[in-house]
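# An overview of the molecular structure
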Amino acid sequence: NSGRERWSVPLEGPILSPPVFAGDQLAVVTDKKMLHVLDPRRGQERRRCALDETVRAPAVAKGELVYMVDSGANVLEINTRSCHIRWLVRDGET
């Protein structure tokens, strides 16, 4: 608890949303249509999940799943272990 930086990970583009814990991982969304999944203990990137649109609202997580709204007003659920979009609700769908 020294207040010193423990690690740093270079990411593509500015961060759009505060990082969220997704299980034992840290999920960070950038303006380059990318969800970066980080190992918070080691300070290493585990994987990158490509997105079709930029994110326009802060992401939230439950377990290893991350939920977000993209610039096309679509709601997505993404598994951070596989980058698989488990479901997508497009704007106007019910």
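Preceding this section is the structure that the text describes.
Here's what I pulled together on the structure shown here.

Cut-off values and rules
Residues numbered from 1 in each chain as written. Predicted model: local features only at pLDDT ≥ 70, side-chain atom pairs only at ≥ 80, totals over all residues. Heavy atoms only, no water. Disulfide = S-S within 2.5 Å. Helix = DSSP H or I, 4+ residues; strand = E, 2+ residues; numbered from the N terminus. Contact = heavy atoms within 4.5 Å. Core = buried A, V, L, I, M, F, W, Y, C linked by side-chain atoms within 4.5 Å. Buried < 20%, exposed > 50% of the residue type's maximum accessible area, 1.4 Å probe, protein only.

We now examine the state of the cysteines. One pass over the full model with this rule turns up 1 disulfide. Paired by a disulfide, Cys49 and Cys83 hold their sulfur atoms 2.1 Å apart. Between Cys49 and Cys83 the sulfur-sulfur dihedral comes to about -70°; the bridge is accordingly left-handed. Here the residue Cys49 occupies a position in strand β4 (residues 44-50), and Cys83 occupies one in the loop between β7 (75-79) and β8 (85-89), the gap between them amounting to 34 residues.

Let's shift gears to the side chain of Thr30. Note that Thr30 resides in strand β2 (residues 25-30). If sequence neighbours within four positions are ignored, Thr30 has contacts with Leu11, Glu12, Gly13, Pro14, Ile15, Leu16 and His36.

This part takes up the nonpolar core. Judged by nonpolar contacts, the single largest core of 14 residues is most densely connected at Val29, Leu35, Leu51, Val66, Met68 and Ile78. Put simply, the parts of the chain that give this core at least two residues each are β1 (20-22), β2, β3 (34-39), β6 (65-69) and β7. Setting aside residues up to four positions removed in sequence, Met68 forms contacts with Val29, Leu35, Leu51, Val55, Ala59, Asn74, Val75, Leu76 and Ile78.

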